[in-house]
Amino acid sequence: GIQVEQSPPDLILQEGANSTLRCNFSDSVNNLQWFHQNPWGQLINLFYIPSGTKQNGRLSATTVATERYSLLYISSSQTTDSGVYFCAVEPYNTDKLIFGTGTRLQVFP
Amino acid sequence: DAGVTQSPTHLIKTRGQQVTLRCSPISGHKSVSWYQQVLGQGPQFIFQYYEKEERGRGNFPDRFSARQFPNYSSELNVNALLLGDSALYLCASSLGATGTYEQYFGPGTRLTVT
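Residues numbered from 1 in each chain as written. Chains lettered and ligands numbered in written order. Predicted model: local features only at pLDDT ≥ 70, side-chain atom pairs only at ≥ 80, totals over all residues. Heavy atoms only, no water.

Novice: Describe the state of the cysteines, with residues and values.
Specialist: In total, this model carries two disulfides over all chains according to the counting rule given. A sulfur-sulfur distance of 2.0 Å marks the disulfide that ties A:Cys23 to A:Cys87. Handedness of the A:Cys23-A:Cys87 disulfide follows from its S-S torsion of about 65°: it is right-handed. A residue pair is termed long-range when its members are at least 10 positions apart, and A:Cys23 in strand 3 (residues 19-25) and A:Cys87 in strand 9 (residues 83-91) qualify at 64 residues. Given the relative accessible area of 0%, A:Cys87 is considered buried. One disulfide bridge connects B:Cys23 with B:Cys91, the sulfur atoms lying 1.8 Å from each other. (Disulfide = S-S within 2.5 Å. Helix = DSSP H or I, 4+ residues; strand = E, 2+ residues; numbered from the N terminus. Buried < 20%, exposed > 50% of the residue type's maximum accessible area, 1.4 Å probe, protein only.)

Here it is as structure tokens:
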């Protein structure tokens, strides 16, 4: 089956720093989403981005479907950005999301 | 508008017991999916239902079953609970059944099996 790898696995930042999270997937996909999981377990939708670039405030994402990767950019990080970031892909002809390994982000004041 | 809701929030069960978890999708969403997330890992797909029919099933034993009701809400049942079933169970809803629709997740039910 399709493999979804995220890097780095852990990231520690000081407030105000910028970061780039990467998601690599091993086969073509129909859908790609980025989520932020807060300490209480809630998965918060960040981007629905099967291809192209999107921006939402301090966050932006780019998916290059032909090269099978996606990037999530966080600028001017805040302590509230802490948590685990997941990318999830939906392969063609399936109805399920396959989640990556996650990046645990800790932002300190 | 209300998001995806799940009940109960927390649950403690004993090995061998049965459990039923409930999910209400976002209004207008006809697809519901269930995921299991054990500590330290990403969510794993269990089931997807669309228009009350099972559309997909993950690699889980037959002890796991689900159904979707005419109002599109859903239940996940797990029989003969094992310690390894302890996890966060997440429900997601989307407008349709294919990958062209964004999935939205509920807050989850945290199940502990002792």
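Novice: Kindly report on the interface of chain A and chain B, identifying the contributing residues and their values.
Specialist: In this assembly, 18 residues from chain A lie in contact with 23 residues from chain B. Regarding the contact of chain A and chain B, the summed buried area is about 1600 Å², with carbon and sulfur atoms giving 46% of it. At the junction of chain A and chain B, the tally comes to zero salt bridges. Put simply, the parts of the chain that give the side of chain A that touches chain B at least two residues each are strand 4 (29-37), strand 5 (43-48) and strand 9 of chain A. A total of five residues in the side of chain A that touches chain B trace back to one element, the largest contributor, which is strand 4 of chain A. Residues belonging to the side of chain A that touches chain B are distributed by class as follows: seven nonpolar, eight polar and three charged. (Contact = heavy atoms within 4.5 Å. Buried area = accessible area lost by both parts, 1.4 Å probe. Salt bridge = Lys/Arg side-chain N within 4 Å of Asp/Glu carboxyl O. Nonpolar A, V, L, I, M, F, W, Y, C, P; charged D, E, K, R; others polar.)

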